[in-house]
Amino acid sequence: MPVLPARLFCSCLLLSVRDMWYEVGPVWYVHKDGFTHATQLKPDEGTPELPDGRVRVRLETDGSLHDVTEFEVEKCNPLELDLCEDLSDLQSVNESGVLHTLTSRAKANMPLTHAGPNLISLWPPIQTHSKTPKSRRGESVWDAPPALTSLVKRVYLSMVGTRRVHSVCAVGRSGTGKTTTCQAFTHALLKQAGTAGENISVDRVHAMFTILRSFGCVSSQHSDASSRFAMVFSLDFNHAGQVSAGHLQTMMLDKWKVCQKTQNEGNFLVFSQMLAGLSTEMRTELQLHQLPESNSFGILQPTKVEEKQRASVAFTKLLSAMETLSFSSREQKAIWHVLAAIYHLGAAGACKVGRRQFVNFDSAQAASSILGCEAEELDTAVFKHHLRQLLQKATGVSRERNESEEGPRLTASQCVDGMAAGLYEELFTAIVSLINRALNGEQLALASVMVVDTPGLRNPRHSAEERGASWSELCHNYLQERLLEHYHSHNFIHSLERYAQEGIHVEFECPESSSSEVVSAIDQSPPQVRAADADPRGLLWVLDEEMVTPASCESVALERVFQYYSNTVRQCEQPLQCEVNHLTGCDPVRYDLTGWFSRIQNNPSSLNAITLLQNSTIEVVKTMFTSRIYLPPIYRGLGGLEGSSQRALQRNGTIRKTFSGGMAAIRRHSQCIAVKLQADALVNLIRRARPVFLQCVSAKSNGGSFDVPALRAQLHSTQILSALQLYRTGYPEHMTLSDFRCHFQALSPPIMKRYASIFVSHNERKAVEELLVELDVDKKSIVVGASRVFMKRGMLQYLEQQRDQQVTGWLVYLQAACKGHLGRQKYRKLKVVRQPSPLNSNGQRCCQGLFTDSMVVSVLSVMEEPRAQNRSNPVRLAPWRDNWEVNRQDSSVTIAYREGDGVNHADFGVSIAIQRLCAHLDCLSGKEPPGCQLKPL
């Protein structure tokens, strides 16, 4: 055996252990700060393999090699799918692919992306979709991008086709453009469907949003107009598919915002607008000439020139919107009176020690005169409300248990805050009533579309604030969790239960985490009224119980919540603070419970506000608020309970049913229970509707880059990947067996002929199976369940297109026959009741004036469209022109009709005129129906 030289032997040994790697394909390398484009490498023959679960990638940014785990690598989609309109159409649905598609579309000025049946919106967009610059919110309408327009069309067609109520619900953080997206959707829907009547129009709906922006929004760090109320705006459609009426329902979860100062937040926008834009006469009447430097409610006049100009312009738009919605001058005057009274109450202040009274008596006197009451009457309603309770007890007027006495004694500041909150609450609901009066309609509604806009989830950490969240933020965050719970139930629980009931097998595991854990930790009710302390209760119920317990405080309530829900609510190091795992643990919020008992305590001053307004000596103020004097206290935060149409009564009935049973009848004055009931009412309104969710996410960009960790956390809150997986593998579109057979049997004439009779009961399952055989569709795309037909995504749209092509030809014939019938009916209205004999000269003279120029023109105008269609076929009209020429020798009438000659009716004979005109109508009515031929006379 030959011996190799030493140098050659070493080179062969080096080649045997040399690393040789080849490229597999592009992948995403996922890390803590986001994801990076990379290329996956695999070892060649002779190259040692990596340990199990490890892969090697080469980053495209710097070419460096990294050995990472399999879970840190995700597949890439082709480049042509970077701007994919629907995330369900991606080849590889993973977190990095979804984030890359969303950010790529945002950079390409396409902030809206479909996610199956729902929509994702990245806010703020890099550029506005319109060529003209638009403001951030409210002042002008954001033009609907193509993705939103297609969603509007889909919702509209589904609503008209199924005659079911649909809902469009926006979810997400505060400052993510939910209100702007809802406004754009509403305006696009109005343009798509059109309006019927004078009460509803695009201008009126835009005026409604302008008013709500002023009275229901505040300025904050992340938004110029951040909503502080929940809204359900319903558009009712008549049988012609047009919008016939609008109905607005609002819920003011936290009524204390008008008197509560929050760091880096202003008060409601209407106060600064009013102080900057009121006329001189109105300022004199409202005593707003010399404004004090301080205000306990934080209501201050704009000082900078730009702020004054902006507020003045907004006030002008507000007045224009009120005029558009038919607010009378007296009603506007009453609104300014109440707002000015609230301002003067804030300027009056309250003593912190000693006797409960105002600090500034001049401002208190101004507030009483503007409200139309005496200063003593205002002082009694604010501070001495216990005297009225004693009087009622002494006279026996009120024998029921008075919940307003529960809790510790109110301070002077709490009394003033209660009066201001009650006044603004009554004012806001009165404005909603005026809006509904302007948008009301009397036509019978076919179906409705409800647009739901609520305050977003608020976390002080989003604004880099070190403080804990307040009671107001808990109320709004709780409502967001209720909507996310509804989202999870609709997308996962109800869909999987439907598959199980129908016997449809779908390989999918429901996500374990949901918002139900957080919702239970906040509003879990005891099993009975007098339940044991060991039974778990939510934070709202614990606060309500401890508030009325003597010598109790917020710390005792926190200890009980920690005992019940230690996994969801975590105790913080700071006293009276806890952390709640919102958004399925992706966005924990730290709450500070200091002073919460003063917010949830029953405040009789707020209940006395409606009494002051109803007893006002100013007639315009008294007239505006008289109708709300009989509402129970628990309904005070609800707006839009009026309405006379059928749909409005149904919606109001749902709310009244929610507020009339259970604990609502026992705890009528409880602020905690009122928050829960308002959230229950909102969810019950949209529960039976077919929902579409608009997930609005915040994408803070710095130099073109996005905050990927923040995007990732927000997408995890709605479990977008699991929802897309179920949408792709499941059967999202379904119809009942009878509806499917009746709707699509036109695609198969034998099936339609066999099952056409409506007087014979058919075996619907057998008929559907025979129809599917005739249609020759993929068996995996359509599955027949026990009572429904389930279809893969896109299959229903394909069948609808096939049906439209088949039915279009029949509809043309039907339309032609209908136009001919309408033309003959039009002529019969002009026909003489008594036809005189042509042999009678007197009758002939009478008949000469029967057919006037206007009659002939009106009849021929009906035939104008079919005539233009038939002129393109001169061969078909030839026999009619020949028979239309009537000789004078054959009759005493000459009717000469040639193209361009008009009509000559010097002498008309009744019998021949009627015969020839009817023949002309039959000819020009369009194409003849199948099996029928138009024959000349």
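Residues numbered from 1 in each chain as written. Predicted model: local features only at pLDDT ≥ 70, side-chain atom pairs only at ≥ 80, totals over all residues. Heavy atoms only, no water.

J.: Got a minute to help me understand the overall build of the chain in this structure?
T.: Assigned secondary structure in the chain consists of 34 helices and 25 strands. Counting across all 937 residues of the chain, residues that qualify as buried make up 52%. Put simply, of all contacts in the chain between residues at least 6 apart along the chain, 69% involve residues at least 24 apart. Surface exposure of the chain reaches about 44,700 Å², of which carbon and sulfur atoms provide 51%. (Helix = DSSP H or I, 4+ residues; strand = E, 2+ residues; numbered from the N terminus. Buried < 20%, exposed > 50% of the residue type's maximum accessible area, 1.4 Å probe, protein only. Contact = heavy atoms within 4.5 Å. Areas by Shrake-Rupley, 256 points an atom, 1.4 Å probe, with all protein chains shown as cover.)

J.: For this particular structure, what's the right way to read helix 29 (residues 795-830)?
T.: Within an α-helix, residues lying three or four positions from one another point in the same direction, as the helix has 3.6 residues per turn. Taking 1.5 Å per residue as the helical rise, helix 29 with its 36 residues ought to reach 52 Å, and the 51 Å between its terminal C-alpha atoms agrees with that figure. A maximum bend of about 35 degrees is found in helix 29 at Val807. Met795, Leu799, Val807, Ala816, Gly820, Gly823 and Tyr827 are the residues of helix 29 that are buried. (Expected span 1.5 Å × (residues − 1). Bend = angle between axes of the 7 residues up to and from the residue.)

J.: Any chance you could explain the packing of helix 6 (residues 269-277) against helix 9 (residues 329-348) here in plain terms?
T.: Packed helices, taken two at a time, are described by the angle their axes make and the gap between the axes. With their axes 11 Å apart at the nearest point, helix 6 and helix 9 run at an angle of 100 degrees to one another. On the basis of the axis angle, helix 6 is roughly perpendicular to helix 9. Residues Val270, Phe271, Met274 and Leu275 of helix 6 form the contact with helix 9, whose own contacting residues are Trp336, Leu339, Ala340, Ile342 and Tyr343. In the contact of helix 6 with helix 9, the residues fall into nine nonpolar, no polar and no charged. (Axes fitted to C-alpha atoms, helices over the stretch in contact; angles between N-to-C directions. Parallel < 35°, antiparallel > 145°, perpendicular 65-115°, else oblique. Nonpolar A, V, L, I, M, F, W, Y, C, P; charged D, E, K, R; others polar.)

J.: Where do I start with the UniProt feature "binding site: ATP" (unreviewed entry) in the chain in this structure?
T.: The sites that carry the UniProt feature "binding site: ATP" (unreviewed entry) are, in the present numbering, Gly172, Arg173, Ser174, Gly175, Thr176, Gly177, Lys178 and Thr179. Relative to the helices and strands, Ser174 resides in the loop between strand 8 (166-172) and helix 4 (178-193). Here Ser174 falls in the buried class, since its relative accessible area comes to 13%. Every residue in contact with Ser174, bar those within four places of it in the chain, is listed here: His222, Ser226, Gly456, Leu457 and Arg458. At a separation of 2.9 Å, a polar atom in the side chain of Ser174 contacts the side chain of His222. (UniProt positions renumbered as here; feature names shortened; annotations may be inferred. Polar contact = N/O pair within 3.5 Å; in protein donor to acceptor, adjacent residues only side chain to side chain.)

J.: What is the right way to read the pattern of salt bridges from this model?
T.: Once their charged atoms are close, side chains differing in charge can pair, the charge on each being opposite to the other. In this structure the tally under the stated criterion is 28 salt bridges. A salt bridge links Arg467 to Glu465, with the shortest nitrogen-to-oxygen separation between them at 2.6 Å. (Salt bridge = Lys/Arg side-chain N within 4 Å of Asp/Glu carboxyl O.)

J.: Mind showing me how you'd approach unusual backbone geometry here?
T.: Trans peptide bonds make up the majority, and among non-glycine residues the majority have a negative phi. The phi angle at Gln287 is positive, at roughly 60 degrees, despite the residue not being glycine. The topology assignment puts Gln287 in the loop between helix 7 (280-286) and helix 8 (305-324). According to the relative accessible area criterion, Gln287 is partly exposed, its value standing at 38%. At Leu583, a position not held by glycine, the phi torsion is positive, near 55 degrees. Mapped onto the secondary structure, Leu583 falls in the loop between strand 15 (577-582) and strand 16 (587-592). For Leu583, a relative accessible area of 7% corresponds to the buried category.

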